[in-house]
Amino acid sequence: MALTPLQSTKEIHKIGKGMKNMNQTQTRSLRKRVLSLILAVVMAVSLLPISAFASGDSTSTTATTSDGYEYNIMFLDCGRKYYSVDSIKKIIDNASAAGFNYIQLAVGNDGLRFLLDDMSLTVNDKTYTSKEVSDAIHAGNVAYNKTFDSSVGGRYYPYSTDVNELTQSEMDTIIAYAATKGMGVIPCVNTPGHMDAILSAATSLTGKDCAYSGSARTIDVTNTTAVAFTQALLQKYITYFADKGCQLFNMGADEYANDIYTGGSMGFGNLQDTNKYSYYVNYVNAVDDMIQAAGMTAMAFNDGIYFNSNTSSGTFNTDIIVCYWSNGWGDYYTPMPASDLAGKGFKLINTHGDYYWVLGKSDWQCSKTKASGFNYKQFQGSTISTPAGSMFCIWADYPGAETEASVISKTADTIAAFGKTLPAVKKVETVESKTVTKGDVAVTAPGLTDLTVTEAIAPTIDTAAEGKVSAYDVTPATKNGSYAGRGSVSLPVPDGWDASRVRGYIVNEDSSVTTGLTGTTANGKFTFTVPHFSRMGIYELAANAATETKEITLTVGGKTTETLAGDYSGTQLNDDIATVTGTVAEAP
């Protein structure tokens, strides 16, 4: 259907798939506003498992300095180049000795060098087996390796490796080893660009061209199949790392289609010139929502965030921690200055590109002497008085240019020198997560020792089926007293309820209600993540309640067309926002 907005500065903003729009604080006035904005899309969708805590795993805590500085990060590009467990341990050793408290493992960067035990995906109602997905990713990695069989950028460094991917057991080992050194692990799975192997898998499995303008490494963010596949895959990794107690997840989000658009303002400029940049904004925010829902904080590189200081195509979520690496080059590739991003409320990590150590580029390998002059407050183009942290990066632009051993030996002194310039931060402490069960209710959270559960009065939920709302007062405790932080809760699903339509809710301190919390149903229990503990429960969606929402971005005076399966006769929008000028019909 075609939607044409009125001549107004208002817009339909973030009618997104099951994330913030369904997890909204419910007040009488907000309910009216949301109901006027949401175009109901009544269809069944699969529930993604989002559990931020799992029994036996741990969560991380980090002490901050008085000015909010808390992250000393060692970054390893282990997506382009495969590194063994032993090699990664040695990098961790060097970083820990230098005062770093995080190791960021870019397992997804051009290549995807880490496979989970279960890689099965369901995309657009089609399920791909774990073997199908794993084989497709592996084939993408091998194809990426072969791109170095000839000269690339005037340099010839062929790359081949007998092993292309870490296993889940090996990643478990790495995370546990980092914890013994007082370091947390930050995963980086870069999308929607720098994802050659994932893009290859998406195209081969779905049978759809998922690339943006022929890019080998960037999906088309306007292509719903490409976005659905990528986000379904991301959800697997987000869930795994959240369950392992990781607190941060870097989505990358840099250098969009720069392999195709190699001049001028490059890929981001092309998105803006073709009025598609809003799709990128929505994509980044949607991935941030996924990461938040799993109990982690999102990170992203800076160049795509308000590229060219464009603020007219949407608003980025400011909870994303921005890793600021470049203020651009020339007068044509122009990311927003660090000072402007800080002014918008973003936390910034000084990821200064002049201090990179890049495989295959001898003129871009930061020396010990240069590293010793690093100033953590001096960003490219700006001085930031209160950065959140700093990051030293080892990039593998030419993965065959060095062996794993030579990377470790050649960077050791530089890592040590860089670390000496950084503020002291406490090591990351781990608290083992525990599951405590009382009756039919189970809670998983860090350091739990006890649990109190009583039945409670259910709140009114507009989208709930009549009589199908359960309520509990849930109060977990640790050895230090009541625990009110984030955790996972499992509640019994009453007989006769439709498990596919169950959602969670929680009552907030101001008595408002956050509804639409998604989770998983198994063995008669619904398990979901809550941001805090208080009165909570589950409910079954009413027959006419939306199980999916659609993200639609409209520009003033323009129109967009969305094709939706099903019968939506009578669906209305608020006329102050937009009018339906087309017809609504069942999609083929």
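Overview of the structure. In this convention, every chain numbers its residues from 1, walking through the sequence in written order. Side-chain atom pairs in this predicted model are given and counted only at pLDDT of 80 or more, local residue features only at pLDDT of at least 70, and totals for whole chains, interfaces and linings cover all residues. Excluding hydrogens and water, the side-chain values take into account all heavy atoms of the structure.

This part covers helix α11 (residues 404-420). Here a helix means four or more residues in a row that DSSP labels H or I, a strand means two or more in a row labelled E, and each is numbered from the N terminus. The span expected for a helix works out to 1.5 Å for each residue beyond the first. A rise of 1.5 Å per residue sets the reference length of α11, with its 17 residues, at 24 Å; its end C-alpha atoms lie 24 Å apart and thus fit the reference within 8%. Burial here depends on accessible area, computed with a 1.4 Å probe over protein chains only, as a share of the maximum for the residue type. Under 20% is buried, over 50% is exposed, and the range in between is partly exposed. Where α11 is concerned, the buried positions are Ser406, Val407, Ile408, Thr411, Thr414, Ile415, Ala417, Phe418 and Gly419.

Attention shifts here to helix α8 (residues 277-293). End to end, α8 covers 25 Å across 17 residues, agreeing with the expected 24 Å (1.5 Å per residue, within 8%). Counting buried positions along α8 gives 15 out of 17 residues, so the element sits mostly inside the fold. Following α8 by one or two positions, Gly295 adopts a phi angle in the positive range, close to 85 degrees.

On to the pattern of salt bridges. Whenever a carboxyl oxygen of Asp or Glu lies within 4 Å of a side-chain nitrogen of Lys or Arg, that contact is scored as a salt bridge. Counted by the stated rule, this structure contains 15 salt bridges. Residues Lys361 and Asp397 are paired through a salt bridge, measuring 3.3 Å at the closest nitrogen-oxygen approach. With Lys361 in the loop between β14 (357-358) and α10 (368-371) and Asp397 in the loop between β17 (389-395) and α11, this pair connects stretches of sequence that are 36 residues apart. Shared partners join several salt bridges into a network, and the residues in it are Asp77, Arg80, Asp110, Asp196, Arg217, Lys361 and Asp397.

On to the nonpolar core. Here, nonpolar core refers to any group of buried Ala, Val, Leu, Ile, Met, Phe, Trp, Tyr and Cys residues whose side-chain atoms link them within 4.5 Å. Ranked by size, the top nonpolar core spans 116 residues in total, and within it Phe100, Leu105, Met171, Tyr237, Phe241 and Ile394 carry the most contacts. Broken down by element, this core gets its largest block of residues, eleven residues, from helix α6 (residues 224-243). Beyond its immediate chain neighbours, meaning those up to four positions away, Met171 contacts Leu105, Val107, Phe114, Leu166, Tyr240 and Phe241. In what follows, residue pairs with any heavy atoms lying within 4.5 Å of each other are defined as contacts.

To continue, consider the layout of surface pockets. A 1.4 Å probe that fits but cannot get out identifies a cavity on a 1 Å grid over protein atoms alone, an open set with protein on both sides within 12 Å along at least five of seven lines counts as a pocket, and a residue lines either if it has an atom within 4 Å of a point. Grid points are joined across faces, edges and corners, and a volume is the space filled by probe spheres set on the points. The volume enclosed by the second largest pocket comes to roughly 1000 Å³. Contributing to the lining of the second largest pocket are 42 residues, with Arg80, His194, Arg217, Glu255 and Asp397 lying nearest its centre. Secondary structure elements with two or more residues in the lining of the second largest pocket: α3 (130-146) and α5 (196-206). Broken down by element, the lining of the second largest pocket gets its largest block of residues, four residues, from α5. Polar here means any residue other than Ala, Val, Leu, Ile, Met, Phe, Trp, Tyr, Cys and Pro, which are nonpolar, and Asp, Glu, Lys and Arg, which are charged; Gly is therefore polar. When the residues that make up the lining of the second largest pocket are grouped by side-chain class, the tally is 17 nonpolar, 13 polar and twelve charged.

This part is about the side chain of His194. Relative to the helices and strands, His194 is located in the loop between β9 (184-191) and α5. Any N or O atom pair separated by 3.5 Å or less is treated as a polar contact, with the protein-specific requirement of one donor-capable and one acceptor-capable atom, and with residues adjacent in sequence counted only for side-chain atom pairs. Within the local environment of His194, its side chain forms a polar contact with the side chain of Glu255, the two groups lying 2.7 Å apart. The residues touching His194, leaving out its near neighbours within four places in the chain, are Arg80, Asn109, Asp110, Arg217, Thr218, Asp254 and Glu255.

Our next topic: the packing of α6 against α8. Lines fitted to C-alpha atoms define the axes here, with helix axes fitted over just the stretch in contact, and angles between the N-to-C directions of these axes take values from 0 to 180 degrees. Between α6 and α8, whose axes approach to 10 Å, the crossing angle comes to 25 degrees. Viewed along their axes, α6 and α8 adopt a mutual orientation that is roughly parallel. Between α6 and α8 lies a crossing whose hand is right-handed. Taking contact as the criterion, the partners of Val227, Thr230, Gln231, Leu234, Gln235 and Ile238 in α6 are, on α8, Tyr283, Ala286, Val287, Met290 and Ile291. Residues that form the contact of α6 with α8 fall into these classes: eight nonpolar, three polar and no charged. Comment on the angle field: the value is read as roughly parallel under 35 degrees, roughly antiparallel over 145, roughly perpendicular from 65 to 115, and oblique elsewhere. By convention, the crossing between two helices is left-handed when the near helix turns anticlockwise from the far helix through less than a right angle, and right-handed when the turn is clockwise.

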